[in-house]
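Examination of the molecular architecture
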Amino acid sequence: RALWNYLMVLFWKISGSHTLLTMQKNFSDVMPVLARHDGEWAGEYIYFSPQGEILDRHNSHLICRITGREEHPYYQQNTYTWNDGRTEQFELHATCKEARIWFDTDRIKGSCWEIDAKTLMLNWIRKDIPNSYCYEMIQINETNDARSRVWHWFENDVLIKRICINETKVII
């Protein structure tokens, strides 16, 4: 089975075809680590200065879905809540090509790929913050019910903050 999956992914990469991604099970074959993140996640974001001082923190609720749709096989909704009552919510839709998902929304442009059996890497730019970019690393545990994420946020090629996120899967 592993050889079959490898050959199918190789064919997909060579042909440039995204037909394999039209069904949820096929997406899981192409990006198995990302597929393990399917579900709803609750956690906390903590923002740090480059010197390690806490700048901000808020609770989070993320919905991550493998949709099975050819046009956007990945969907994510982020809801952030601060202790003072502020909230923020936005949605991300992604396409898939070359064993990566690609975001291009009003808010961000970037991609996500797998680097090993537990780790996703992302890079993106914020369209509303000129000269900014971010790298994120996400590790999911073996039982797929907890994950840790770290962002490195740059403006004008200077690190301006790190964001540490711990989340627990609340709904599969």
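Look above for the structure.
These figures come from a predicted structure and were not determined experimentally.

Conventions we followed
- Residues numbered from 1 in each chain as written.
- Predicted model: local features only at pLDDT ≥ 70, side-chain atom pairs only at ≥ 80, totals over all residues.
- Heavy atoms only, no water.
- Phe/Tyr/Trp six-rings, centres within 6.5 Å; stacked < 30°, edge-to-face > 60°.
- Helix = DSSP H or I, 4+ residues; strand = E, 2+ residues; numbered from the N terminus.
- Buried < 20%, exposed > 50% of the residue type's maximum accessible area, 1.4 Å probe, protein only.
- Lys NZ or Arg CZ within 6 Å of the ring centre and 35° of its normal.
- Pairing = 2+ DSSP bridges.
- Axes fitted to C-alpha atoms, helices over the stretch in contact; angles between N-to-C directions.
- Contact = heavy atoms within 4.5 Å.
- 1 Å grid on protein atoms, 1.4 Å probe; cavity = no way out; pocket = protein on both sides within 12 Å on 5 of 7 lines; lining within 4 Å.
- Points joined across faces, edges and corners; volume = space filled by probe spheres on them.
- Nonpolar A, V, L, I, M, F, W, Y, C, P; charged D, E, K, R; others polar.
- Disulfide = S-S within 2.5 Å.
- Core = buried A, V, L, I, M, F, W, Y, C linked by side-chain atoms within 4.5 Å.

So, on to the packing of aromatic side chains. Applying the stated criterion across every chain, the model contains 8 aromatic pairs. Relative to Trp 151, the ring of Tyr 45 lies with its centre 5.7 Å away and its plane at 85 degrees, an arrangement referred to as edge-to-face. Residue Tyr 45 is located in strand E1 (residues 39–48), and its partner Trp 151 is located in strand E9 (residues 146–155); the two are separated by 106 residues in the primary sequence. When sorted by exposure, Tyr 45 lands in the same class as Trp 151, which is buried. Both rings, one in Tyr 80 and one in Phe 90, keep their centres 5.7 Å apart while their planes meet at 70 degrees; by these two values the pair is edge-to-face. One end of the pair, Tyr 80, is in strand E3 (residues 74–81); the other, Phe 90, is in strand E4 (residues 87–97), with 10 residues separating them in the sequence. No difference in accessibility class separates Tyr 80 from Phe 90, as the two residues are buried. Aromatic rings pair up to connect Tyr 45, Tyr 80, Phe 90, Trp 124, Trp 151 and Trp 153 into one cluster. Over the aromatic face of Trp 41 sits the side chain of Arg 147, whose NZ or CZ is 4.3 Å from the ring centroid. A cation over a ring is seen here: Lys 161 above Trp 153, with NZ or CZ 5.2 Å from the ring centre.

Judged by pairing direction, the barrel is antiparallel, and its 10 strands sit side by side in the order E1-E2-E3-E4-E5-E6-E7-E8-E9-E10 before closing back on the first. Mean inter-strand twist for the sheet, computed between neighbouring axes without regard to direction, equals 25 degrees. Pairing of E1 with strand E2 (residues 54–66), which is carried by 10 bridges, proceeds in the antiparallel orientation. By the bridge assignment, Tyr 47 is partnered in E2 with Asp 56.

A few words now on the environment of Met 121. By secondary structure assignment, the location of Met 121 is in strand E7 (residues 119–126). Here Met 121 falls in the buried class, since its relative accessible area comes to 17%. Considered as a pair, Met 121 and Tyr 135 are 14 residues apart in the sequence and their alpha carbons are 7.3 Å apart. When sequence neighbours within four positions are dropped, the list of residues in contact with Met 121 reads Ser 111, Cys 112, Trp 113, Ile 115, Glu 136 and Met 137.

Here the idea is plain: a probe the size of a water molecule rolls over the atoms and shows the empty space left. As a volume, the largest pocket reaches approximately 440 Å³. Taken together, 32 residues make up the lining of the largest pocket; nearest its centre are Asn 78, Tyr 80, Phe 90, Trp 124 and Trp 151. Taken together, the residues of the lining of the largest pocket break down into 21 nonpolar, 4 polar and 7 charged.

Further remarks concern unusual backbone geometry. The general pattern is negative phi for most residues beyond glycine and trans for most peptide bonds. Although it is not a glycine, Glu 98 sits at a positive phi angle of roughly 55 degrees. In this structure, Glu 98 sits in the loop between E4 and strand E5 (100–104). With a phi close to 65 degrees, Asp 157 is a non-glycine residue in the positive phi region. Note on placement: Asp 157 falls in the loop between E9 and strand E10 (158–171). When its relative accessible area of 60% is taken as the criterion, Asp 157 is described as exposed.

We now examine the state of the cysteines. In this structure the tally under the stated criterion is 0 disulfides. Cysteine Cys 64 remains unbridged, with the sulfur of Cys 112 as its closest cysteine sulfur at 10.0 Å. A relative accessible area of 1% means that Cys 64 is categorised as buried.

The biggest cluster of nonpolar side chains holds 33 residues, and the ones touching the most others in it are Tyr 45, Tyr 74, Ile 101, Phe 103 and Trp 151. Element by element, the count of residues in this core is highest for E4, at 4 residues.

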